[in-house]
Amino acid sequence: MHPSAIVDDGATLGEGTRVWHFAHVCGGATIGAGCSLGQGVYVGNDVVIGDNVKIQNNVSVYDAVTLEDDVFCGPSMVFTNVFNPRSAVPRKHEYRRTLVRRGATLGANCTIVCGTTIGEYAFVGAGAVVSRDVPPYALVVGVPARRIGWMSRHGERLALPPRGHGEAECPATGERYRLDGDTLIPCSSPT
């Protein structure tokens, strides 16, 4: 832990987790092993972070957010926890939970509107605004975010349309995937 970082009493940090310059971890947070919290990261009380999660500089992980194992949060990406905030209207009792499933990537400067689930191994492009659930393995971009394709577990774009039917192979690993309508299904592990 860097000397400028603050980890409040009661926070749980797993073995090998690194907390860098000017980060703040609140006392109720639970963070797994092998994580990296970059410069200026804030982690709220009601936050659960799995193992091997990478949170780049200037990300605030507010209350009611769960990040499963192997999630990547790009620089300056944003989570919210109140859907309709007003300074003069207290809404802490209205937090909407956000879940980011295993292996998902959240690109730099993207915004995840509260109450959404990002599916396993999904990929949110830089600057996208996600306001509804993202299916597993989906590649979404834009404002509002829309699905433009599919990604492999390895983070490679698959040669498949956004919707329809077909099969593709990860160019890096050889793992095969089958598209069935709006659902991508891993078919085989690489040989």
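What you see as residue numbers is a count from 1 along each chain, following the sequence as written. Confidence filtering applies because this is a predicted model: local features only for residues at pLDDT of at least 70, side-chain atom pairs given and counted only at 80 or more, and all residues used for totals across whole chains, interfaces and linings. Side-chain measures here rest on the full set of heavy atoms in the structure, leaving out hydrogens and waters.

- Looking at an unreviewed UniProt entry, one finds the chain named N-acetyltransferase and attributed to Rubrivivax benzoatilyticus.
- UniProt positions are given in the numbering used here, feature names are shortened, and annotations may be inferred rather than shown by experiment. Under the UniProt heading Sequence similarities (unreviewed entry), the entry covering the chain gives this text: "Belongs to the transferase hexapeptide repeat family."

1. Focus: the pairing of strand 25 (residues 183–188)
Part 1 of the reasoning: Any two strands with at least two DSSP bridges between them are considered paired. Secondary structure follows DSSP: runs of H or I at least 4 residues long count as helices, runs of E at least 2 residues long count as strands, and numbering of each begins at the N terminus. Looking at chain direction, strand 24 (residues 176–181) and strand 25 are connected through 5 bridges and run antiparallel. Within the sheet, the bridge partner assigned to Tyr 177 lies in strand 25 and is Pro 186.
Part 2 of the reasoning: Connecting strand 24 to the next strand, strand 25, in antiparallel fashion are 1 residue.

2. Concerning the packing of aromatic side chains
Part 1 of the reasoning: Any Phe, Tyr or Trp ring, taking Trp's six-membered ring, that has another such ring centre within 6.5 Å forms a pair; planes under 30 degrees apart are called stacked, those over 60 apart edge-to-face, and the others tilted. Summed over the entire model, instances satisfying the criterion amount to 3 aromatic pairs.
Part 2 of the reasoning: With 6.0 Å between their ring centres and 50° between their planes, Tyr 42 and Tyr 62 make a pair best called tilted. Pair noted here: Tyr 42 is in strand 7 (residues 42–43) and Tyr 62 is in the loop between strand 10 (60–61) and strand 11 (65–67), with a separation of 20 residues, a long-range link.
Part 3 of the reasoning: For Tyr 42, a relative accessible area of 26% translates into the label partly exposed.
Part 4 of the reasoning: Its relative accessible area of 33% is what places Tyr 62 among the partly exposed residues.
Part 5 of the reasoning: With a centroid separation of 5.7 Å and 65° between ring planes, the pair formed by Tyr 137 and Tyr 177 is classed as edge-to-face. Burial status follows relative accessibility: with a 1.4 Å probe on protein chains alone, a residue under 20% of its type maximum counts as buried, one over 50% as exposed, and anything between as partly exposed.

3. With respect to unusual backbone geometry
Part 1 of the reasoning: Of the consecutive residues Val 143 and Pro 144, the connecting peptide bond is found in the cis state with omega at -10°.
Part 2 of the reasoning: Along the chain, the position of Pro 144 falls in the loop between strand 20 (138–141) and strand 21 (146–151).
Part 3 of the reasoning: At Phe 22, a residue that is not glycine, the phi angle is positive and equals roughly 60°.
Part 4 of the reasoning: Residue position: Phe 22 is located in the loop between strand 3 (18–19) and strand 4 (24–25).
Part 5 of the reasoning: Within the chain, Ser 76 stands out as a residue other than glycine whose phi angle is a positive 60°.
Part 6 of the reasoning: Within the secondary structure layout, Ser 76 lies in the loop between strand 12 (72–73) and strand 13 (78–79).

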